[in-house]
Amino acid sequence: MKQQKVSRENEIASIIEIINNVDRYKENSLNGLVILLNGNWGTGKTTFIEELIENIREQENMELFNLYNAYENDCYENAYIPFFASIAEKIQLQESFTGFIKSIVAGSTTGLSVCAVSVARNFMKNAFKVDINEVAQDLKDSLEEYNDDYLSDYMNFQEHKKYIKQKMLDACSKKPQIFIIDELDRCKPNFAMDTLEIVKHFFDIKNCIFIISVDKLQLEESIKAVYGNGINSTKYFSKLFDYQYNLLPINFYDAVEGLEEIEFSKELIERATNLFNYLNISLRDSKKIFNDFISKFNNWTIEQSLFMLFLFILKYARH
């Protein structure tokens, strides 16, 4: 099946317009802006992000500061480590990275998970020339030595927070800097919530723009998993996001091209689109099902094809 590139130019233009008029869309942030880019699973959020990044790079009055795939990093128990590691070089945090992490973990009972240690060992050594085993031991020693000095822990944390904010102020002084966080809704609930809290507490800075790409319904489930079903997710979101932009769903018919090997392909795609829409199947899953169907196609009539497509949908539903 040939896939057709669907133009998102109007939606991208809308995001650029929001970035260019921060004060008009600011609601909860004092200085920066946090945009919730909302789209259901399988609606092409990641593809949209890729096109948006291309457009941002063409702009002279803004700059992409960081693209952060949260899901690739949620094997860490502590969301601070991978997030700040991703921007450590840009904000010159390398030399104080270990001290910064100590200041965060000092007041925590979780620290690094077993998965984090195994995954992070080579990463930390290559990126920061730091032995993760030594860091872990330093953290343990630090916690034992300063277990009762909570005020000192708090002051150390505030000093690092102040340092990071100043570095971001410098980075954002000339033009807006764009942070994009993708795949957050696929993360473990605690990791997702901690990442949002990092944005709120560290990056409310003029010209600092966050675009957080999520399925809002899935993120709401993460909130409930952390804070309980009684939480008002709308109020919680209002603390974190200034503006919600809802991506329009892409129609299956607009996302695929005709098939030369099937003479009635246009009609087939039209009727398949109606079937997928009626059954509320995402674009991503629609493509998977249709590709599977095409790979087994055997000179069926249009009626036989539609019946077989329905069977392929049932096969998908069983999984």
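J.: Before we go on, may I ask you to explain the overall build of the protein chain in this structure?
T.: Each helix and strand counted, the protein chain has 15 helices and five strands in total. A total of 319 residues make up the protein chain; the buried ones form 46% of that total. Taking the intrachain contacts of the protein chain between residues at least 6 apart in sequence as the baseline, contacts between residues at least 24 apart amount to 77%. For the protein chain, the accessible area works out to roughly 17400 Å², and carbon and sulfur atoms hold 46% of it.

J.: How should the side chain of H160 be read in this particular structure?
T.: For H160, the location among the structural elements is in helix α8 (residues 150-171). Classification of H160 as buried rests on a relative accessible area of 17%. With residues up to four places along the chain from it excluded, the contact list for H160 reads S96, G99, F100 and S103.

J.: What should I look at first to understand the packing of helix α9 (residues 189-202) against helix α10 (residues 216-227) in this one?
T.: The interhelical angle for the contact between α9 and α10, taken along N-to-C directions, is 100°, at an axis separation of 8 Å. Comparing the axis directions of α9 and α10 gives the class roughly perpendicular. Listed contacts from α10 to P189, N190, A192, M193, L196 and E197 of α9 are L219, S222, I223, A225, V226 and Y227. Residue composition of the contact of α9 with α10, grouped by class: nine nonpolar, two polar and one charged.

J.: Just to check I follow, could you spell out the side chain of D242 for this structure?
T.: Along the chain, D242 falls in the loop between α11 (233-240) and β5 (243-246). Within the buried core, D242 has no salt-bridge partner, and the shortest N-O distance to an opposite charge, that of K26, equals 7.6 Å. A distance of 2.8 Å separates the side chain of D242 from the backbone nitrogen of V34, its partner in a polar contact. Not counting residues up to four positions away in its chain, the partners in contact with D242 are Y25, K26, E27, N28, S29, G32, L33 and V34.

J.: How should I be thinking about the pattern of salt bridges in this particular structure?
T.: It is possible for side chains of opposite charge to pair when their charged atoms get near one another. A complete count under the given rule lists ten salt bridges for this structure. Residue K26 is joined to D23 by a salt bridge in which the shortest nitrogen-to-oxygen separation is 3.2 Å. Residues K200 and E197 are paired through a salt bridge, measuring 3.2 Å at the closest nitrogen-oxygen approach. In this pair, K200 and E197 are both assigned in helix α9, three residues apart and thus about one turn of the helix distant. Salt bridges here are not isolated pairs; linked through shared partners, they connect D292, K296 and K315.

J.: Would you mind showing me how to read the environment of S286 here?
T.: Looking at the element boundaries, S286 is found in helix α14 (residues 283-295). A relative accessible area of 1% places S286 in the buried class. For the pair formed by S286 and F252, sequence separation is 34 residues and the distance between their alpha carbons is 7.2 Å. Residues in contact with S286, not counting those within four places in the same chain, are F252, F276 and I281. Only 3.4 Å separates the side chain of S286 from the backbone oxygen of I281, close enough to count as a polar contact.

J.: Just checking my understanding: could you explain the confidence of the model for the protein chain for this structure?
T.: Detailed conclusions should not be drawn from predicted coordinates in areas where pLDDT is low. Per-residue pLDDT for the protein chain averages 81, and the proportion of residues at 70 or more is 82%. Within the model, pLDDT remains below 50 along residues 109-123, and this stretch shows 25 contacts once partners closer than five positions in the same chain are excluded.

J.: Just to check I follow, could you spell out the packing of α10 against α11 for this structure?
T.: Helices that pack against each other are described as a pair by the angle of their axes relative to one another and the distance between those axes. Put simply, α10 and α11 touch, their axes get as near as 10 Å, and they point 105° apart. Viewed along their axes, α10 and α11 adopt a mutual orientation that is roughly perpendicular. Here K216, L219, E220, I223 and Y227 of α10 lie close against α11, whose contacting residues are S233, Y236 and F237. Here the contact of α10 with α11 is composed, by residue class, of five nonpolar, one polar and two charged.

J.: What am I meant to see in a nonpolar patch on the surface here?
T.: Taken together, the side chains of Y278, L279, F307, F310, L311 and L314 define a hydrophobic patch exposed on the protein surface, amounting to about 610 Å² of accessible area. Of all the elements, helix α15 (residues 302-318) adds the most residues to the nonpolar patch, at four residues. Looking at the secondary structure, you find F307 in helix α15.

J.: Can you walk me through the nonpolar core in this structure?
T.: Generally speaking, soluble globular proteins have nonpolar side chains that are buried together. Counting residues in each nonpolar core, the largest one holds 48 residues, and the members touching the most others are F84, M168, F203, F210 and I212. The dominant element in this core, judged by the number of residues it contributes, is α9, at seven residues. Contacts of I212, omitting those with residues within four sequence positions, involve V34, I35, L36, L37, I181, L184, L196, V199 and F241. Counting residues in hydrophobic clusters, the runner-up holds 24 residues, among them I250, F252, L283 and I302.

J.: Help me out: how do you make sense of the pairing of strand β3 (residues 177-182) in this one?
T.: It is a general feature of regular strands that their side chains alternate between the two faces of the sheet. Judged by how many residues are buried, β3 sits mostly within the fold: six of six residues are covered. Residues Q177, F179 and I181 point to one face of β3 and I178, I180 and D182 to the other, with burial holding for every one of them. Across five bridges, β3 lies against strand β4 (residues 208-214) in parallel orientation. Paired with F179 across the two strands is F210, which belongs to β4. The parallel pair β3 and β4, bridged by α9, forms a crossover whose chirality is right-handed.

Reading the values: the criteria
- Residues numbered from 1 in each chain as written.
- Predicted model: local features only at pLDDT ≥ 70, side-chain atom pairs only at ≥ 80, totals over all residues.
- Heavy atoms only, no water.
- Helix = DSSP H or I, 4+ residues; strand = E, 2+ residues; numbered from the N terminus.
- Buried < 20%, exposed > 50% of the residue type's maximum accessible area, 1.4 Å probe, protein only.
- Contact = heavy atoms within 4.5 Å.
- Areas by Shrake-Rupley, 256 points an atom, 1.4 Å probe, with all protein chains shown as cover.
- Axes fitted to C-alpha atoms, helices over the stretch in contact; angles between N-to-C directions.
- Parallel < 35°, antiparallel > 145°, perpendicular 65-115°, else oblique.
- Nonpolar A, V, L, I, M, F, W, Y, C, P; charged D, E, K, R; others polar.
- Lys, Arg positive; Asp, Glu negative; His and termini not counted.
- Salt bridge = Lys/Arg side-chain N within 4 Å of Asp/Glu carboxyl O.
- Polar contact = N/O pair within 3.5 Å; in protein donor to acceptor, adjacent residues only side chain to side chain.
- pLDDT = per-residue confidence, 0-100.
- Patch = residues over 30% accessible without salt bridge, like charges linked within 9 Å, V, L, I, M, F, W, Y side chains within 5 Å.
- Core = buried A, V, L, I, M, F, W, Y, C linked by side-chain atoms within 4.5 Å.
- Pairing = 2+ DSSP bridges.
- Right-handed = clockwise from strand over helix to strand, strands pointing away.

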